[in-house]
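Breakdown of the fold
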Amino acid sequence: MKITLSVIKADIGSIGGHLRPSKALMETVEKHIEEKKGDMVIDYRISSTGDDIAILFSHQKGRGNSEIHGLAWDAFVAGTAKAKEEGLYGAGQDLLKDSFSGNIKGLGPAVAEMEFEERENEPFIFFAADKTDPGAYNLPLYLGFADPMHCSGLILSPKMSKGFKFVIMDVAYTEEDRYIELNAPEDLYDIAALLRDNERFVVSEIYSRDSGEVAVAASTTRLHNIAGKYIGKDDPVMLVRVQGSFPAAGEILSPYNIGHYVAGFMRGSHTGPLMPVKAGCGTSFFDGPPIVTAAAFCVQNGIFTEAVDCFDHPYWDYVRRKVARKSTELREQGFSGAAMLPYSELEYGGIVEKMKQLEGKFKSL
Ligand code: F6R
Ligand code: MG
Ligand code: MG
């Protein structure tokens, strides 16, 4: 059976600052979907990661479908009303436009979608990250799909011998979607040369070169490109099909043991290590650290199994301690150098004003 998985997420308000949505807000979003889904949705799940709420749908309407996007938009509008009623902070923050116009892309929420013919068994992992941006997945995807140091299947499985095709988006280009297709392993150095720059080049899709099947769909929205000013980080979502001709679940999860440094953290303006956390985890230390959740499912005829919370395992407690240490070490240097993002990525305009004022005070000898 051919199905589409769509995940649509937004920050529409949270408790205590930008920490975690309220239970009532989550319930409102869920109730809206339950009441309005009719027969357009086969199954759905609501989850939160930091201050963001994600709706995962299965349906048969294909990618970019206006009914599915409209349903998510209306659920977020209903949630925003609840957030306002409860006095949540940042109510409706990611709904950047007043009305829905057919496709939720470009209106604020992040979207990742893939359409495929279900395999006999169809396992996949849904990732959501908070206090960071879409480039956060670049390194784990490179390592999970192109490096046998993490993906042993590249050596061991004949189904992966041809490698994978990476579709990489230039997110600085706002006129239209501008992307390049590169093949691993032949183009590895070119892929690395682009993915080095997480704020400009972002993996949007990956395909198996053996089967031609889609393996990955990730969101690539940059909110400040839409709004022209800071309105929060871009907190990306991603779907990854696993097993068979794709890497195993554990190979995809493996790179998250690095706690690699990403952009985001406090005021979307710092560098911090990405911490793999349990479902529903909020943010805390320095409005962070940047976090990622991973929920694994199987889907059959569009119906989801219960989720397995991939980072709810004793192994990841060790990683979380390591990442907390890395966080502390970088935070010890406060605003200095590598701890803060370069000028172009500072997502509050205040420093620009400050520099203008200081400019006038400079003297020449
Ligand atoms: C980062 C984030 C927070 C806020 C910070 C200040 O993505 O959401 O770190 O930037 O809490 O928030 P405001 O400007 O809303 O007071
Ligand atoms: Mg937020
Ligand atoms: Mg967020």
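For the structure, check the block above.
In this text the structure is predicted, and so the values were computed from the model without any measurement. (Residues numbered from 1 in each chain as written. Chains lettered and ligands numbered in written order. Predicted model: local features only at pLDDT ≥ 70, side-chain atom pairs only at ≥ 80, totals over all residues. Heavy atoms only, no water.)

1. Some thoughts on the sheet that holds strand β3 (residues 52-59)
In spatial order, the strands read β2-β3-β1-β4; together these four strands make up an open sheet with antiparallel pairing. Strands with a single pairing partner mark the edges of an open sheet, and in this sheet they are β2 (41-49) and β4 (110-117). For this sheet the average axis-to-axis angle between neighbouring strands, irrespective of direction, equals 15°. Alignment of β2 against β3, held across eight bridges, turns out to be antiparallel. Directly across from R45, in β3, lies its bridge partner L56. On the sheet, helix α1 (residues 23-36) packs against β2 and β3 and is oriented at approximately 170° with respect to β2. The strands that helix α2 (residues 66-86) touches are β1 (2-10), β2, β3 and β4; relative to β3, the one it contacts most, it runs at about 150°. (Pairing = 2+ DSSP bridges. Helix = DSSP H or I, 4+ residues; strand = E, 2+ residues; numbered from the N terminus. Axes fitted to C-alpha atoms, helices over the stretch in contact; angles between N-to-C directions. Contact = heavy atoms within 4.5 Å.)

2. Examining the pattern of salt bridges
In this structure the tally under the stated criterion is 21 salt bridges. Across the pair E213 and R241 runs a salt bridge whose closest N-O atoms are separated by 2.9 Å. Placement of the pair is E213 in the loop between β8 (201-208) and β9 (214-218) and R241 in strand β10 (residues 237-241), with a sequence separation of 28 residues. Under the relative-accessibility criterion, E213 is labelled partly exposed at 25%. The network of salt bridges with shared partners includes R119, E122, E213 and R241. (Salt bridge = Lys/Arg side-chain N within 4 Å of Asp/Glu carboxyl O. Buried < 20%, exposed > 50% of the residue type's maximum accessible area, 1.4 Å probe, protein only.)

3. Regarding the nonpolar core
I125, F127, F145, F166, I168, M238 and Y256 are the most contacted members of the largest nonpolar core, which has 47 residues in total. Counting residues per element, this core draws most heavily on helix α3 (residues 138-146), at five residues. When sequence neighbours within four positions are dropped, the list of residues in contact with Y256 reads F127, Y137, P140, M238, L274, P276, V292, F311, W316 and V319. Formed by 26 residues, the second largest nonpolar core is a distinct cluster that contains L25, F76, L88 and L95. (Core = buried A, V, L, I, M, F, W, Y, C linked by side-chain atoms within 4.5 Å.)

4. Let's talk about the site of ligand 1
Close to ligand 1 lie 11 residues, the nearest being H18, Y89, R267, D287 and Y348. A distance of 2.9 Å separates an oxygen atom of ligand 1 from a polar atom in the backbone of R267. Partitioned by chemical class, the residues of the shell around ligand 1 number five nonpolar, two polar and four charged. (Near = heavy atom within 4 Å. Polar contact = N/O pair within 3.5 Å; in protein donor to acceptor, adjacent residues only side chain to side chain. Nonpolar A, V, L, I, M, F, W, Y, C, P; charged D, E, K, R; others polar.)

5. Details of the pairing of strand β11 (residues 261-264)
Sheet topology places β11 next to strand β12 (residues 270-273); four bridges connect them, and they run antiparallel. Counterpart to G264 in the pairing with β12 is H270. Once β11 ends, the chain turns through five residues before running back antiparallel as β12, passing F265 with a positive phi of about 60°.

6. Thoughts on the environment of M114
Relative to the elements of secondary structure, M114 occurs in strand β4. Counting along the chain gives 56 residues from M114 to S58, while the straight-line C-alpha distance between them is 9.9 Å. Each residue touching M114, except ones within four places of it in the same chain, is listed here: I3, T4, L5, R63, V214, A215, V216, A217, L239 and R241.

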